[in-house]
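Coordinates in review
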Amino acid sequence: MQTQGRQRATLPDEFALIARLVADLPHRRRTILGPGDDCAIVARGASSILFTIDSMVEGVHFKLGWGTPEQLGARALAVNLSDVAAMGGVPTACVVNLAIRPGLTRRFFDRLYGGLRRAARAEAVDIVGGNITSARQMAITIALLGDAPARPLRRDRARAGDEIFVTGTLGDAALGWRILAGQKRVRSSARRHLVSRYLAPTARLLAGQRLARLRPAPAAIDLSDGLLQDLGHLLERSGVGAEVDATSIPLSTAYREVAGPDLSLALGGGEDYELLFCIRPGHSQAKLARWLRVPTHRIGAIVGRPGLQLRGAVRPRVGGWDQLRAQG
Ligand SMILES: [Mg+2]
């Protein structure tokens, strides 16, 4: 993640720290794309591989008891698969680091690995090694390799005139997280939908792979930190701006039932692991959805002027929004 000037002061500490750490890394000829995208791209012979890593830490990303150990194992892989999906790649192999603490049983780890193995098998990913360490909190970290397509989907490829689409519905996982954390009381089938969107996300691998067949290759990012923040990353990397129509952001029935007209979590909540992509105009929403095999909605357009214009919504109280506002 590279940031400059005025924007740096407005970014969360996490991103400022990343910018410092990656400022002077050794990049040799093998590096096609270094830090700042969903995956790194590394040359290998005539082709190239994708490389990404993600951690889930007890007390930070989840609490034991929110879901099953199987769900936890599967989710740790899914968040990595989503980064490969965002590049249009095919995941191939992973290594796993487990941080274990006293009080967790062998049965717990058997079940965690059961879920991880099943998720890996479903996407033909080999689990080829790992490491175990002791810690105060349980954590699972996965580093994942993938095959890059001929023209990977990158964050820095959006151009003025592109139309912005997202897959699936937004805000569900953030609402599910709040339900699990006891911040929202919901007694309905909506609860089950929202909670499962948080506990068991689906990486949009097929959609990403199909998008990578388009020419020119679309710009893309996966929605892990929330629409406004993730779109902000893509705009920054591409050096463009965007106009987003808040009224066209896709919401699930469950989201509407629980949050009503409040778009805060659809705009600023993370963890949906849907894809956002920017393509040249002329694609019909319905045809795209059929081809990508996932509901797909147009939410706005890329413009040359930097900054993000959000139309049709009152200003939500979320961090991502303030960050983008500062860029405008
Ligand atoms: Mg990502």
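All values reported here derive from a predicted model rather than from experimental measurement. (Residues numbered from 1 in each chain as written. Predicted model: local features only at pLDDT ≥ 70, side-chain atom pairs only at ≥ 80, totals over all residues. Heavy atoms only, no water.)

Describing the domain arrangement of the chain
Counted only if it meets this: Note that the domain bounds were set by an automatic or database domain assignment. Note on definitions: a residue-residue contact is assigned when non-hydrogen atoms from the two residues lie within 4.5 Å. Here the quantity called buried area is the accessible surface, traced with a 1.4 Å probe, that two parts lose on coming together, added over both. All residues other than Ala, Val, Leu, Ile, Met, Phe, Trp, Tyr, Cys, Pro, Asp, Glu, Lys and Arg, Gly among them, are scored as polar; the first ten of these are nonpolar and the last four charged.
Structurally, the chain comprises domain 1 (1-35), domain 2 (37-147) and domain 3 (155-327). A straight line from the C-alpha centre of domain 1 to that of domain 2 covers 24 Å. Taken together, the 6 residues of domain 1 in the interface contact 8 residues of domain 2. When residues of domain 1 are sorted by the area they lose upon contact with domain 2, Arg30, Ile32 and Leu33 head the list and together hold 82% of the total. Taken together, the residues of the side of domain 1 that touches domain 2 break down into 3 nonpolar, 2 polar and 1 charged.

Looking at the sheet that holds strand β3 (residues 47-57)
How we decide: Any two strands with at least two DSSP bridges between them are considered paired. A run of H or I in DSSP counts as a helix once it spans at least four residues, and a run of E counts as a strand once it spans at least two, with each numbered from the N terminus. Note on definitions: angles span 0 to 180 degrees between N-to-C directions of axes, and those axes are lines fitted to C-alpha atoms, for helices only across the stretch in contact.
Reading across from one edge, β1-β2-β3-β6-β4-β5 is the order of the 6 strands in this open sheet, with mixed pairing throughout. Each having just a single partner strand, β1 (31-33) and β5 (126-134) make up the two edges of the open sheet. Taking the axes of each pair of neighbouring strands and ignoring which way they run, one obtains an average angle of 25 degrees across the sheet. Judged from the 9 bridges that link them, β3 and strand β6 (residues 139-147) form a sheet pairing that is antiparallel. Its bridge partner being in β6, Leu50 is matched across the sheet by Gly146.

A few points about the coordination of the magnesium ion
Applicable threshold: Coordinating N, O and S atoms are those within 2.8 Å of the metal (3.2 Å for Na, K and Ca), and as water is not part of the atoms, a site may appear to have fewer donors than expected. The buried label applies to any residue whose accessible area, calculated with a 1.4 Å probe on protein chains only, is under 20% of its type's maximum; exposed applies above 50%, and partly exposed to all values in between.
For the magnesium ion, the full set of protein donor atoms is Asp38 (OD), Asp83 (OD) and Asp222 (OD), at a range of 2.0 to 2.1 Å. Written as a sequence motif, the donor arrangement for the magnesium ion is D-x44-D-x138-D. With Asp38 in the loop between β1 and β2 (40-44) and Asp222 in strand β8 (residues 219-222), this residue pair connects regions lying 184 residues apart in the sequence. The class of Asp38 is buried, set by a relative accessible area of 6%.

Here we look at the nonpolar core
Rules: To form a nonpolar core, buried Ala, Val, Leu, Ile, Met, Phe, Trp, Tyr and Cys residues must be joined to one another through side-chain atoms within 4.5 Å.
In terms of nonpolar packing, the biggest core is built from 45 residues, with Leu77, Leu112, Met138, Ile140, Ile142 and Phe277 touching the most fellow members. Looking at this core, the elements with two or more residues in it are β3, α3 (69-85), β4 (90-100), α4 (106-122), β6, α7 (205-211), β10 (275-279) and α11 (285-292). When near neighbours in sequence (up to four residues on either side) are disregarded, Leu112 contacts Pro69, Glu70, Leu72, Gly73, Leu98, Met138 and Ile140.

Overview of the sheet that holds strand β12 (residues 307-311)
Ordered in space as β8-β10-β7-β11-β9-β12, the 6 strands form an open sheet in which the pairing is mixed. The outermost strands of the open sheet, each flanked by one partner alone, are β8 and β12. Taking the axes of each pair of neighbouring strands and ignoring which way they run, one obtains an average angle of 25 degrees across the sheet. Two elements, strand β7 (residues 163-167) and β10, share 4 bridges in a ladder whose sense is antiparallel.

Examining helix α8 (residues 227-238)
To keep things clear, this is the line we draw: To estimate the expected span of a helix, count its residues, drop one, and scale the result by 1.5 Å.
Between its first and last C-alpha atoms α8 spans 16 Å; for 12 residues at 1.5 Å apiece the expected length is 16 Å, and the two agree. For α8, the set of buried residues is Leu227, Leu228, Gln229, Asp230, Leu231, Gly232, His233, Leu234, Leu235, Glu236 and Ser238. One or two residues past the end of α8 sits Gly239, with phi positive at roughly 65 degrees.

Quick word on the pattern of salt bridges
For the record, the criterion: Between Lys or Arg on one side and Asp or Glu on the other, a salt bridge is scored when a side-chain nitrogen of the former is within 4 Å of a carboxyl oxygen of the latter.
Overall, the coordinates contain 14 salt bridges when judged by the stated rule. The salt bridge partner of Arg155 is Asp38, with a shortest N-O separation of 3.0 Å. In this pair, Arg155 sits in the loop between β6 and β7 while Asp38 sits in the loop between β1 and β2, placing the two residues 117 residues apart along the sequence. Its relative accessible area of 10% is what places Arg155 among the buried residues. Of the charged contacts, one joins Arg154 and Asp156 as a salt bridge, the two residues approaching to 2.8 Å between their closest N and O atoms. The exposure class of Arg154 is buried, given its relative accessible area of 13%. For Asp156, a relative accessible area of 21% gives the class partly exposed. Salt bridges here are not isolated pairs; linked through shared partners, they connect Asp172, Arg197, Arg204, Asp272 and Glu274.

Points about the confidence of the model for the chain
Put simply, the rule reads: Along the chain, pLDDT gives the predictor's confidence residue by residue, from 0 to 100.
Summing up the model confidence of the chain, the mean pLDDT is 90 and the portion of residues at 70 or higher is 92%. Taken as a whole, residues 1-9 scores under 50 in pLDDT and shows 18 contacts with residues more than four places along the chain or in a different chain. Note that pLDDT drops below 50 for residues 318-328; the model gives that stretch 31 contacts with residues more than four away or on any other chain.

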